[in-house]
Amino acid sequence: MIEGLLSLLSSPIVSRAIIGALLIAVVASTSGTLLVFRGLSFMTSGVAHAALGGAALGLYLQYTGIAPWFDPILGALLFSTLVAMITGYAGETGISQKMEVAVGVSFALSMSIAVFLMYYIPPTQVPQIWGYLIGDILLLDNLDLVLLGGTAVLLVLLFIVFHKEFIYVSVDMEGSIAHGLSARAYHYLMLITSSLAIALATKAVGAILVYAIMVAPAAASNEVVRSVRGVVVSVFIIAVLSELAGLAASFTVNASPSAIAGIIAAMSYVVAMHIKKVREHANSDLDELELAVPGHEYGHGGEMGERDSSGGDESTRVVSEEPV
Amino acid sequence: MSETLLEAHGLTVRYPEGEVALKDVTFSVETPSFMAIIGPNGSGKSTLLKTALGLLRPISGSIRLLGHDSTRESAAIRRLVRYVPQRDRIELTVPIKVKDIVLMGRLLKKRPPRIASRTDKRIAHEALQRVNMDEFWDHPFNELSGGQRQRVLVARALAAEGPVLMLDEPLAGTDAESQRLIVQVLGEYHTENDVNIIMVTHDLNPIHSYVDNVLLLRRTVIGLGKPCDVMDPALLTQVYGHSARVVEYAGHRYCVTRDTGVDRHHD
Ligand SMILES: Nc1ncnc2c1ncn2[C@@H]1O[C@H](COP(=O)(O)OP(=O)(O)O)[C@@H](O)[C@H]1O
Ligand SMILES: [Mg+2]
């Protein structure tokens, strides 16, 4: 039994899948977190589907001989960046409703392009396009890992160096500019690197898993975790656990690892909403108590008990000592 | 020798697909000053601040802050000001801590990686103490009440550096206690330090004993003067309509209007 497990883990397919899962979790805890902070989580699905449209264009150009050098991944990166730029332009002033419309339009456009071009691509190539949609973490090749690894390293470096700026732009764009920050540059830097990461992740594991892992853990963590650092750590943990659970499930029962991981990640959001509700309930009880005790400041002193009552989620206890 | 704090000449500002928000605005205020800009909703108060900061471009005319032109010298202006935007411009989705909001005012004027020094932290603590919020140092900003958040944002301005504080409706959506505290802290800070304060507000009453100059705005300049001069029934009727009344109480004039809500953006 144990030997079986060990040989399974040492098989190249499985070890590639595990490395891929860790790298996707890194992308989620950096890019995914920042996009949720910026109120732009819906951009992920737009960018992921743009990658699909771009890949279709690449295959079409290759097949028809118009541009044989045009690898589908180039198309995917190009389209994703384009969507990020359009979204970024619409939202330069920090208004997310406008960005939402821009994402919706680019989403429709890239899917239409993909479906339109499918008629002109030989049927043998079409599954490659669908791979961008469904994907399979067990089919990762070494090139996928290298590209994904490179992006993950880039994202981590950018996050370490510029997280303050990214957060300032998310919290107070107007104030940041007024104090002299080139907010626009950071805004685009974040959107473009995120879209490149999303495109590569989409090629590697498919749009559906990317969407589930990029959005749900970050949205869930942001509901309940009370510090930036805590959210980043919590996203990583939720993402890794759902992906590994997906992989494990795919070996025991015959199921798609992406589907299981997606379902678990989505569940984390449901659980987070529940924790939040329980907390708010506890908070309103506290408020009533405080009203009866004059001079007691709102929301102070109640947090520890309230946090304990929210269940044993370790990640909610991460406390950052340093400024964000 | 006194310098000019804020000076506008024929300033006209229009939003890309909107109407004219400011029309032919001309005035000048000398330093040092605690200046209030008052007027009802949509009278162009926020627009005036944003234009002065170079965040909006005038279609004609000009505005200068401490002698720097808003369009050509916005970089210089941004080194001089500490700005608190209207409260609906602050996003509450990020679980940023109170300390990080306050440090932001100082760190934004540094270069990346913008590490907070011991001095930065000490000054941030002192600023929070002034607004009675220091015990919330490690508390998430988005869990505070409206009044507490405004106090923290005022602390951010106090902790930062630069000769001009610009605050857009710092009293909006706050409880009476926070209002009193913010007004008192700003008044004291202005007299103790060599700084100018430009504060947009709906309601002059809470601050009229601290301010030096009041600009009455309704798309254009209706009046400019000392608080008691501006508390003139004829002027206030022009700004607030016929519901405005001036009452005298304990040697001070108070203005009573029906317009006491919170300013809102329409974007
Ligand atoms: N971003 C915007 N786009 C278009 N019109 C705007 C925008 N912001 C403000 N306005 C309009 O400009 C006028 C002045 O607004 P504002 O300066 O916010 O007034 P105040 O701060 O005095 O309430 C209003 O009529 C408002 O509708
Ligand atoms: Mg306003």
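Residues numbered from 1 in each chain as written. Chains lettered and ligands numbered in written order. Predicted model: local features only at pLDDT ≥ 70, side-chain atom pairs only at ≥ 80, totals over all residues. Heavy atoms only, no water.

Chemist: Explain the sheet that holds strand β1 (residues 4–14) of chain B to me, please; I cannot follow it from the model alone.
Modeler: Within a sheet, each strand pairs with its neighbour through backbone hydrogen bonds, oriented either parallel or antiparallel. Residue and element names in this part refer to chain B. Within the open sheet, the four strands sit side by side as β2-β1-β4-β5. Their pairing is antiparallel. Looking at which strands have only one partner, the edges of the open sheet turn out to be β2 (20–30) and β5 (68–69). Taken together, the five bridges between β1 and strand β4 (residues 60–65) define a ladder with antiparallel strand orientation. Across the sheet, Ala-8 pairs through a bridge with Ile-63, a residue of β4. Helix-sheet contacts for helix α1 (residues 45–52) involve β1, β2 and β4, and the interaxial angle to β1 is about 110°. (Pairing = 2+ DSSP bridges. Helix = DSSP H or I, 4+ residues; strand = E, 2+ residues; numbered from the N terminus. Contact = heavy atoms within 4.5 Å. Axes fitted to C-alpha atoms, helices over the stretch in contact; angles between N-to-C directions.)

Chemist: Sorry if this is basic, but what is going on with the pattern of salt bridges here?
Modeler: Residue and element names in this part refer to chain B. Within the structure shown, the criterion is met by 18 salt bridges over all chains. Glu-19 serves as the salt-bridge partner of Arg-219, at 3.8 Å between the closest nitrogen and oxygen. Of this pair, Arg-219 sits in the loop between β9 (213–218) and β10 (220–225) while Glu-19 is found in the loop between β1 and β2, placing the two residues 200 residues apart along the sequence. By relative accessible area, Glu-19 is classed as exposed at 54%. The partner of Arg-72 in a salt bridge is Asp-69, and the shortest N-O contact between them spans 3.8 Å. Accessibility expressed as a relative area gives 5% for Asp-69, which makes it buried. (Salt bridge = Lys/Arg side-chain N within 4 Å of Asp/Glu carboxyl O. Buried < 20%, exposed > 50% of the residue type's maximum accessible area, 1.4 Å probe, protein only.)

Chemist: Would you mind showing me how to read the nonpolar core here?
Modeler: Across soluble globular proteins, you tend to see nonpolar side chains buried next to one another. By size, the foremost hydrophobic cluster in this structure holds 143 residues, and its most contacted members are B:Leu128, B:Val152, B:Leu158, B:Leu165 and B:Leu186. B:Val29, B:Ile63, B:Leu65 and B:Leu80 belong to the second largest nonpolar core, which has 30 residues in total. (Core = buried A, V, L, I, M, F, W, Y, C linked by side-chain atoms within 4.5 Å.)

Chemist: Honestly, the coordination of the magnesium ion (ligand 2) in this entry has me stumped. Any pointers?
Modeler: Metal coordination angles have textbook ideals: 109.5 degrees for a tetrahedral set of four donors and 90 or 180 degrees for an octahedral set of six. All names here are of chain B. Note on the magnesium ion (ligand 2): its protein donors are Ser-46 (OG) and Gln-86 (OE1). The metal-donor distances range over 2.0 to 2.1 Å. Here Ser-46, found in helix α1, pairs with Gln-86, found in the loop between β6 (81–84) and α3 (98–107); they are 40 residues apart in sequence, far enough to count as distant. Judged by its relative accessible area of 9%, Ser-46 falls in the buried class. Using a relative accessible area of 3% as the deciding quantity, one classes Gln-86 as buried. (Donors = N, O, S within 2.8 Å, 3.2 Å for Na, K, Ca; no water.)

Chemist: Would you take a moment to explain the confidence of the model for chain B for this structure?
Modeler: Residues and elements named next belong to chain B. Residues of chain B with pLDDT of at least 70 account for 90%, and the chain-wide mean is 89. When pLDDT is averaged over each helix and strand of chain B, the minimum, 61, is found for strand β12 (residues 252–256) and the maximum, 98, for strand β7 (residues 164–168). A low-confidence stretch, residues 260–267 (pLDDT under 50), is modelled with 22 contacts involving residues beyond four sequence positions or located in other chains. For this predicted complex, the interface score ipTM comes out at 0.90, while the overall pTM is 0.86. (pLDDT = per-residue confidence, 0-100.)

Chemist: Would you explain helix α7 (residues 142–171) of chain A in this entry?
Modeler: Counting along an α-helix, one turn takes 3.6 residues, and residues three or four places apart therefore face a common direction. The largest bend in α7(A) amounts to roughly 75° and is located at A:Phe162. N-capping of α7(A) is provided by A:Asp141, with a side-chain oxygen placed 3.2 Å from the backbone N of A:Leu143. (Bend = angle between axes of the 7 residues up to and from the residue. Polar contact = N/O pair within 3.5 Å; in protein donor to acceptor, adjacent residues only side chain to side chain.)

Chemist: Could you clarify how one ought to interpret the interface of chain B and chain A in this entry?
Modeler: Often, the extent of an interface is quoted as the loss of accessible area on bringing the components together. Listed per partner, the contact involves 41 residues of chain B and 36 residues of chain A. For the pair chain B and chain A, the summed buried surface comes to about 3,500 Å²; carbon and sulfur atoms form 55% of the total. Of all residues in chain B, B:Val94, B:Pro95 and B:Leu108 give up the largest surface area on contact with chain A, accounting jointly for 17% of the area buried on that side. Summed over the shared surface of chain B and chain A, the result is five salt bridges. Put simply, B:Lys50 and A:Glu174 hold a salt bridge, and the shortest N to O gap is 3.8 Å. At the surface where chain B touches chain A, the tally comes to 11 residue pairs in polar contact (both at pLDDT 80 or more). Elements represented by at least two residues in the side of chain B that touches chain A include exactly β6, α3 and α5 (146–159) of chain B. Counting residues per element, the side of chain B that touches chain A draws most heavily on α3(B), which supplies seven residues. Along the lines of polarity and charge, the residues of the side of chain B that touches chain A split into 21 nonpolar, five polar and 15 charged. (Buried area = accessible area lost by both parts, 1.4 Å probe. Nonpolar A, V, L, I, M, F, W, Y, C, P; charged D, E, K, R; others polar.)

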